[in-house]
Amino acid sequence: MPGPRDYVGPAPLYAPEAKALYNFTLGKNFSLILAYHTQGETIYWKFLNYLPPNSYEIGRQLSNVSGYLLESTPYSSGFAGYKDWFIQNYNLPGYTIESGIGENPLPISQFQDIYDKNIGILILSMILV
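These numbers were taken from a predicted model, which means no experiment stands behind them.

Caption draft 1: Inspection of the environment of Glu41 at higher detail. Inspection of the secondary structure assignment puts Glu41 in the loop between strand E1 (33-37) and strand E2 (42-44). Glu41 sits in the buried class, given a relative accessible area of 18%. A polar atom in the side chain of Glu41 sits 2.9 Å from the side chain of Lys117.

Structure representation (structure tokens):
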């Protein structure tokens, strides 16, 4: 049975996929992370007042190669995301990439446009680390 659109569970790391991503991240030494979402063609780069070194500059570069807007995370959207947790716990750059337009599920007709805009983000993020 589907739940409310933004419900993430009764407690942090409640969902098995959240716990798996958490454990995966703890076992790695990432220099930055990209968290992919699908609505808005925006890159969210900041969490509260945390400012990891070079995070804004890297965000600008990701914005430039994709054409997506670079924005601070809206207060109402913070506190539950992988990016927010990563920035807060590691003081390293993290980005939520909102890659499509519309509501889920996005139509397959957006695939090529999303791919074209994101291939630069993926390549650049590998070069920057």
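Caption draft 2: View of the pairing of strand E4 (residues 94-98). Burial within E4 is extensive, with 5 of its 5 residues counted as buried. Because side chains alternate across E4, one face comprises the buried residues Gly94, Thr96 and Glu98, and the other comprises Tyr95 and Ile97, equally buried.

Caption draft 3: Highlighting the nonpolar core. Residues Leu32, Ile43, Trp45, Ile58, Leu62, Tyr68, Leu70, Tyr95, Ile97, Ile121 and Leu124 constitute the largest nonpolar core, which totals 11 residues. Where this core is concerned, the elements lending two or more residues are helix H2 (55-66), E4 and helix H4 (111-128). Apart from residues no more than four positions distant in its own chain, Tyr68 is found in contact with Glu41, Thr42, Ile43, Ser63, Ile97, Glu98, Ser99, Ile114, Lys117, Asn118 and Ile121.

Caption draft 4: Region of the structure containing a nonpolar patch on the surface. Taken together, the side chains of Tyr36, Ile108, Phe111, Tyr115, Ile119, Leu122, Ile123, Met126 and Ile127 define a hydrophobic patch exposed on the protein surface, amounting to about 940 Å² of accessible area. As for its position among the elements, Ile119 is in helix H4. Overall, the relative accessible area of 32% leaves Ile119 in the partly exposed class.

Caption draft 5: Spatial organisation of the sheet that holds E1. The strand order across the open sheet built from 4 strands is E1-E4-E2-E3, with neighbouring strands paired in mixed fashion. Each edge of the open sheet carries a strand with a single partner, namely E1 and strand E3 (69-71). The average undirected angle you get between the axes of adjacent strands in this sheet is 25°. The sheet strands contacting helix H3 (residues 82-90) are E1, E2 and E4, and the helix crosses E4 at an angle near 165°. Packed on one face of the sheet, H4 meets E1, E2 and E4 and runs near 160° to E1.

Caption draft 6: Region of interest: H4. For H4, spanning 18 residues, the distance from its first C-alpha to its last is 25 Å, which sits close to the expected 26 Å at 1.5 Å a residue. Listing the buried residues of H4 in full gives Ile114, Asn118, Gly120, Ile121, Leu124 and Ser125. Each element contacted by the buried residues of H4 is listed here: E1, E2, H2 and E4.

Caption draft 7: Molecular detail of the pattern of salt bridges. Taken as a whole, this structure holds 3 salt bridges when the rule is applied. Among the ionic pairs, Lys83 bridges to Asp84, the shortest N-O distance being 2.6 Å. The exposure classification of Lys83 matches that of Asp84, with both residues buried. Here the salt bridges share partners, and the residues they tie into one network are Glu41, Asp113 and Lys117.

Caption draft 8: Representation of the packing of helix H1 (residues 16-26) against H3 within the structure. Relative to each other, H1 and H3 sit at 30°, their axes nearing to 12 Å. When the interaxial angle is binned, H1 and H3 end up roughly parallel. Of the two elements, H1 crosses H3, and the hand of that crossing is right-handed. On the side of H1, the interface is formed by Leu21, Tyr22, Thr25 and Leu26, while H3 contributes Tyr82, Trp85, Phe86 and Tyr90. Partitioning the contact of H1 with H3 into residue classes produces 7 nonpolar, 1 polar and no charged.

Criteria and cut-off values
Residues numbered from 1 in each chain as written. Predicted model: local features only at pLDDT ≥ 70, side-chain atom pairs only at ≥ 80, totals over all residues. Heavy atoms only, no water. Helix = DSSP H or I, 4+ residues; strand = E, 2+ residues; numbered from the N terminus. Buried < 20%, exposed > 50% of the residue type's maximum accessible area, 1.4 Å probe, protein only. Polar contact = N/O pair within 3.5 Å; in protein donor to acceptor, adjacent residues only side chain to side chain. Core = buried A, V, L, I, M, F, W, Y, C linked by side-chain atoms within 4.5 Å. Contact = heavy atoms within 4.5 Å. Patch = residues over 30% accessible without salt bridge, like charges linked within 9 Å, V, L, I, M, F, W, Y side chains within 5 Å. Areas by Shrake-Rupley, 256 points an atom, 1.4 Å probe, with all protein chains shown as cover. Salt bridge = Lys/Arg side-chain N within 4 Å of Asp/Glu carboxyl O. Pairing = 2+ DSSP bridges. Axes fitted to C-alpha atoms, helices over the stretch in contact; angles between N-to-C directions. Expected span 1.5 Å × (residues − 1). Parallel < 35°, antiparallel > 145°, perpendicular 65-115°, else oblique. Left-handed = near helix turned anticlockwise from the far one by under 90°. Nonpolar A, V, L, I, M, F, W, Y, C, P; charged D, E, K, R; others polar.

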